[in-house]
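As a plain string of letters, each chain reads:
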Amino acid sequence: MKTRTRNGALALLAAATLAGCGGGGKSQLEYRVTVTNLTAGQPMSPLLVAATTGGAVWQEGQPASVALEKLAEGGDMSDLAREIAANGGVGGAAGAAPIGPGASETHTFSFRRARGVTLTVASMLVNTNDGFAGITALPISDLAVGESMSRAVVAWDAGTEANSEAAGTIPGPADGGEGFNAARSDAPDAVRIHAGVVSHDDGLASSVLGVQQRFDNPVMRLVVERLR
Amino acid sequence: MARKFMAAAVLLAVGAAQAADLEISVTNLTGNTYFTPLIIAAHPAGSHLFQPGVAAGTAVQAMAEGGDISGLEGVVAGAGGQALSNPAGGLLAPAGSFAVVPLSTTAGNTRLSLAAMLLPTNDGFVGLDSWTIPTTPGTYTVYLNAYDAGTEANTELMNPGAGGTPGVAGIPADPGGKAGTGGSGVVPASPNDHEPNVVHIHPGILGDTNPAGGASDLDSTRHRWLNPVAKLVVTVK
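Worth saying up front: this structure is predicted, and the values here are computed from it rather than measured.

What counts, and at which threshold
- Residues numbered from 1 in each chain as written.
- Chains lettered and ligands numbered in written order.
- Predicted model: local features only at pLDDT ≥ 70, side-chain atom pairs only at ≥ 80, totals over all residues.
- Heavy atoms only, no water.
- Core = buried A, V, L, I, M, F, W, Y, C linked by side-chain atoms within 4.5 Å.
- Buried < 20%, exposed > 50% of the residue type's maximum accessible area, 1.4 Å probe, protein only.
- Helix = DSSP H or I, 4+ residues; strand = E, 2+ residues; numbered from the N terminus.
- Contact = heavy atoms within 4.5 Å.
- Polar contact = N/O pair within 3.5 Å; in protein donor to acceptor, adjacent residues only side chain to side chain.

What follows covers the nonpolar core. Formed by 37 residues in total, the largest nonpolar core has its most connected members in Ile24, Val26, Ile40, Leu112, Leu114, Val126 and Leu232 of chain B. Elements supplying a minimum of two residues to this core: strand S1 (20-28), strand S2 (34-35), strand S3 (39-43), strand S5 (101-105), strand S6 (111-119), strand S7 (124-132), strand S8 (138-148) and strand S10 (230-236) of chain B. In terms of residues, this core owes the most to one element, S6 of chain B, which gives six residues. Excluding residues within four positions of it along the chain, Ile40 of chain B makes contact with Ile24, Val26, Gln82, Ala83, Leu84, Pro87, Phe98, Leu112, Ser113 and Leu114 of chain B. Judged by nonpolar contacts, the second largest core, of 32 residues, contains Val33, Val35, Phe109 and Val153 of chain A.

As structure tokens, then:
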């Protein structure tokens, strides 16, 4: 298991959001977030972990933001991290490398006490057109010190790119194709639960994916512990 | 003073256990599957719209094969429950939701259940069985799974209109208009012995990529889903 510890968190978020964070005082909250990739053949892009106060980062049944589209189609979380910061994100952490199937990753982050803080975690399933694992606006401020909770995280379809599974359209190692493309080619253009991949092994001859890229929910296990 | 406040809080909590003002919304989380008119019911513990592992009755069969909830409305009324029928005013489209609807439950109706047929399927439905309505005010989210009524073989063959009659094989409609024709059938229509004849989790759609033949009339790239298929949000006031 890889472990990264960052107090004060992701540089992208830190400058904009940790105003008033004197650092190290008794009013600091500290959380440890551990994710495990539960899929057989879907590496997950570098993890976005953010404590937010601005509400949900995506809404089922609604179009994805362009920033979320960039994460879901190309595994690039940087715009989403900036947006969360601009909307009052209060701290977070981010992965530096993809998380392989079966692998786990832990982030520890802290921030000054704030009411109504929720957690958002997101990561692309890189062998898909626009699938991502994630949970948004998970309330964490009621966790007591020493307590932990776990969640089974499902795969979402960003609804921004058709699930053609065609060569050249998937950025992960199964294809090495295109990441983000601003065109919205899926219908409905709405975030929803991913229907899974079909693959050429299951009759979609034009698919670059095989049986090893198929997945079912849940795709990720999330454990949140409050350390102080 | 503090003691008085606590007593009032306890009374409020007891009151909520007896009757509750709820606000309900549902979102269809699939990409190409429609929900027929929903039935959402508050009812006493011990009564059910359906039960996993138990054979579907005629009311569940009519809902799951043809989207007809009138039988289930009778089941709810017979149990002393309260039904919220067709809150979406017709089909609930993929990724769609309806405006929040109120439901004021009466004493004893402490459980919430939900059912609606999934189109296009043979006898698939989105369901919630006897969820305990929380007594603490707040907003609660429940993700719902797709069930198979176990009453009709999953042939995945279209039979427009007629297929909605209980006992008649075939899928009555694909509101999205993406289904094909000419399939040979994923499984034989009769006997329905490829699945347990009780309510179970739907195994999902097989589909194929041949709109004018193949085994299935459904499209493997469009008509599949993974659970959960719906999000239910209940606000307890």
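Residues and elements named next belong to chain A. Within the sequence span of helix H2 (residues 66-74), burial applies to Ala67, Leu68, Glu69, Leu71, Ala72 and Glu73. Considering only its buried residues, H2 is in contact with strand S3 (48-52), helix H3 (78-86), strand S6 (118-124) and strand S7 (131-139). The positive-phi residue at the C-terminal boundary of H2 is Gly75, with phi of around 75°.

Residue and element names in this part refer to chain B. By the secondary structure assignment, Gly127 is in strand S7. A relative accessible area of 4% means that Gly127 is categorised as buried. With eleven residues separating them in the primary sequence, Gly127 and Ala116 have C-alpha atoms 6.9 Å apart. Once residues within four sequence positions are removed from consideration, Gly127 is found in contact with Phe50, Leu114, Leu144, Asn145 and Tyr147.

What follows covers the side chain of Asn127 of chain A. Residue and element names in this part refer to chain A. Relative to the assigned elements, Asn127 resides in the loop between S6 and S7. At 3.2 Å, the side chain of Asn127 and the backbone oxygen of Gly41 are in polar contact. Excluding anything up to four places from it in sequence, Asn127 contacts Gly41, Gln42, Pro43, Ile170, Gly172, Pro173, Ala174, Val197, Leu209 and Gln213.

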